[in-house]
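In case you want the letters, here they are:
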Amino acid sequence: MRRKLVVGNWKMNGDRARNSTLLDQLLSAMPAGVDCAVCAPFPYLPQVGELLAGSGVALGAQDVSEFPDGAHTGDVSVAMLADWGVHFVIVGHSERRAFHGESDGVIARKAAAVLAKELVPIVCFGETLVERESGVTEQVLVRQLDALAANLSPDALQRIVLAYEPVWAIGTGRAATVEQVQAVLVFVRRWLARHLSAPERIRILYGGSVKPETAGGLFGLPDADGGLIGGASLVAESFLEICRAAARAAQGN
Ligand code: PGA
């Protein structure tokens, strides 16, 4: 059975003092029965890793280079992340795709690099509003997912976490409805069934304006295994409430 997973994506927010306060508040009240992780900006990985040590909350990064080392100024390798105890690495976030021109191929190669070092990529995918409104959502999702199948061995593919993040729902306050999310999850599960021997083991998160009020409905979906949380992960009580919603949904399943 898949365990629920709630991942905070801090994006480019925080400083040493605020990180420390936020983690103090989180760790004093983290519910049991749900896996949880925090993806911090690169400079704070050592600090956040130290504060999380022994807590059961995993350390995550928000991006990584597809290359192992060398002349890639400004980039960070998987080995460097591993050196600081990082477990999860977000790849293919829509902000990387949009602001850094990352293609499906680059993202798939980043996922492969992460898996080669035994870390776990959280691979984001999702359609834009224009794509949804022009009826091409499924084609877009298949294109993004097919790039993974083309670049990862079946063994490696079996170890990823997926995060469905419709671009129009990210940071907009407009979360997808449970019906919209469930339709995509069923579609993705069918895709997984065509590519994997144990597709039921893959966790698929939902991300995009998840709030404490909407988390319960989303996490209660039979094919949803948790969430990737942006804005609400910066407020301890909101993130805790979202983790509690996941823990409750896990008990209900
Ligand atoms: P949001 O971000 O929760 O602020 O919409 C989600 C994400 O970008 O992963």
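Residues numbered from 1 in each chain as written. Predicted model: local features only at pLDDT ≥ 70, side-chain atom pairs only at ≥ 80, totals over all residues. Heavy atoms only, no water.

(A) Broad picture of the packing of helix α1 (residues 16-27) against helix α11 (residues 236-252). α11 packs onto α1 with a crossing angle of 35° between their chain directions and a minimal axis gap of 9 Å. When you trace α1 past α11, the crossing you get is right-handed. From α1, L22, Q25 and L26 reach across to α11, where they touch A236, F239 and L240. In terms of residue class, the contact of α1 with α11 is built from five nonpolar, one polar and no charged. (Axes fitted to C-alpha atoms, helices over the stretch in contact; angles between N-to-C directions. Helix = DSSP H or I, 4+ residues; strand = E, 2+ residues; numbered from the N terminus. Left-handed = near helix turned anticlockwise from the far one by under 90°. Contact = heavy atoms within 4.5 Å. Nonpolar A, V, L, I, M, F, W, Y, C, P; charged D, E, K, R; others polar.)

(B) Quick peek at the packing of aromatic side chains. By the definition in use, this model includes two aromatic pairs. Centroid distance F125 to Y164: 5.7 Å. Interplanar angle 40°. Geometry classified as tilted. Of this pair, F125 sits in strand β5 (residues 120-125) while Y164 sits in strand β6 (residues 161-164), and the two are 39 residues apart along the sequence. Note on F125: relative accessible area 3%, which makes it buried. Look at Y164 and you get buried, because its relative accessible area is 1%. Pairwise contacts between aromatic rings join F125, Y164 and Y206 into one cluster. (Phe/Tyr/Trp six-rings, centres within 6.5 Å; stacked < 30°, edge-to-face > 60°. Buried < 20%, exposed > 50% of the residue type's maximum accessible area, 1.4 Å probe, protein only.)

(C) Broad picture of the pattern of salt bridges. Summed over the entire model, instances satisfying the criterion amount to 19 salt bridges. Put simply, R109 and E66 hold a salt bridge, and the shortest N to O gap is 2.6 Å. Linking R109 in helix α5 (residues 104-116) with E66 in the loop between β3 (58-61) and α3 (78-83), this pair joins segments that are 43 residues apart in sequence. (Salt bridge = Lys/Arg side-chain N within 4 Å of Asp/Glu carboxyl O.)

(D) Local environment of the site of the ligand. The environment of the ligand is formed by 13 residues, the closest being K11, H93, E165, G171 and S209. One of the side-chain N or O atoms of K11 is found 2.7 Å from an oxygen atom in the ligand. Contact distances for the ligand include 2.7 Å between an oxygen atom and a backbone N or O atom of S209. The class makeup of the residues in the shell around the ligand is four nonpolar, seven polar and two charged. (Near = heavy atom within 4 Å. Polar contact = N/O pair within 3.5 Å; in protein donor to acceptor, adjacent residues only side chain to side chain.)

(E) Region of the structure containing the sheet that holds strand β4 (residues 88-91). One closed barrel holds the eight strands; their spatial order is β1-β2-β3-β4-β5-β6-β7-β8, and the pairing between them is parallel. Between one strand axis and the next, the sheet turns through 25° on average, direction left out of account. The pairing of β4 with β5 spans four bridges and is parallel. Counted as the bridge partner of F88 is V120 from β5. Of the strands in this sheet, β2 (35-39) and β3 are in contact with helix α2 (residues 45-52), which crosses β3 at around 165°. Together, β4 and β5 form the strand contacts of α5, whose direction differs from that of β5 by roughly 165°. (Pairing = 2+ DSSP bridges.)

(F) Broad picture of unusual backbone geometry. The residue K11 is not glycine, and still its phi comes out positive at about 55°. As for its placement among the helices and strands, K11 is situated in the loop between β1 (5-9) and α1. In this structure, S209 takes a positive phi of about 55° despite not being glycine. Among the structural elements, S209 can be located in the loop between β7 (203-207) and α10 (212-219). Relative accessible area serves as the criterion here: at 10%, S209 is assigned to the buried category.

(G) Structural detail: the pairing of β6. Across the two faces of β6 the burial is the same, with V161 and A163 and L162 and Y164 all buried. Strand direction decides the pairing type here: β5 and β6, joined by four bridges, are parallel. Each residue of the ladder has a partner; that of I122, found in β6, is V161. Of the strand pairs in this sheet, β6 and β7 are connected by four bridges, and their pairing is parallel. Bridge pairing in β7 places Y164 opposite Y206. A crossover links β6 with its parallel partner β7, the connecting element being helix α9 (residues 178-195), and its sense is right-handed. (Right-handed = clockwise from strand over helix to strand, strands pointing away.)

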